[in-house]
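Examining the three-dimensional arrangement
If you want the building blocks of each chain, they are given just below.
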Amino acid sequence: MDPLLAFSCRRGWTTLDRGSDTNANLYYSASFQGALNAGSRRLTPLDANLIELECALARDGSHWIASFYSCGTVIGCDRHRSTQVVIGVHSGVFPAVIGQLEHQARVIDPEDIATCVIFGSCGNDSNPDAPCRPAPLESATPSTLRLSPRAARPPTK
């Protein structure tokens, strides 16, 4: 576990919790361009419906597994929503995956995320439970209301 934590620390990760020699939770402090990495936080990212790039390391038999949650929103559109990526630490693609996740976390625009979460103007309605892209407001003035003729009802028997 210690070599994995040292590797992560050199890359800018911070250990949140180390349960034992077989598991630990970390977060990437450069997430959201470092905007949340203030000295004393009053709110955790989750309180603001955000997820920093996070990783749970766990030993599964003789293998180490990294379970990442990408930097993004808890709810939101496909473009901004955090997703889970699970990969073996000893996998040949592990360095490329962690590099890509770190890059995405560093360059994500906090204003873009805030606009998506608060105003929903990101333009993607892929998640019906999300605040993104509310239905456009329609005018309630009588001159713009479209009336359709009522269909004739069949006679009742």
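The numbers attached to residues start from 1 for each chain and follow its sequence in the written order. A pLDDT threshold of at least 70 governs which residues receive local features in this predicted model, and a stricter bar of 80 or more applies before side-chain atom pairs are shown or counted, although totals over entire chains, interfaces and linings include all residues. To get the side-chain values, take all heavy atoms of the structure and skip hydrogens and water.

This part takes up the environment of A66. Only DSSP runs of H or I reaching four residues or more are called helices, and only runs of E reaching two or more are called strands; each is numbered from the N terminus. Tracing the chain through its elements places A66 in strand β5 (residues 63-69). Any residue under 20% of the maximum accessible area for its type is buried, any over 50% is exposed, and the rest in between are partly exposed; the area is computed with a 1.4 Å probe on protein chains only. Exposure remark for A66: the relative accessible area of 0% places this residue in the buried category. Distance in space between the C-alpha atoms of A66 and I87 is 5.4 Å, their sequence separation being 21 residues. With sequence-adjacent residues up to four places away left out, A66 is seen in contact with C55, A56, L57, V85, V86, I87, V89 and F94. Between two residues, a contact is recorded if the distance between any of their heavy atoms is within 4.5 Å.

In this model, the protein carries an average pLDDT of 76, and 68% of its residues clear a pLDDT of 70 or more. You can read pLDDT as the predictor saying how much it trusts each residue, on a scale of 0 to 100. Note on residues 124-128: pLDDT under 50 across the span, and 11 contacts to partners over four residues away in sequence or across chains. With pLDDT under 50 throughout, residues 130-148 is counted as low confidence; its partners more than four residues away or in other chains account for 23 contacts.

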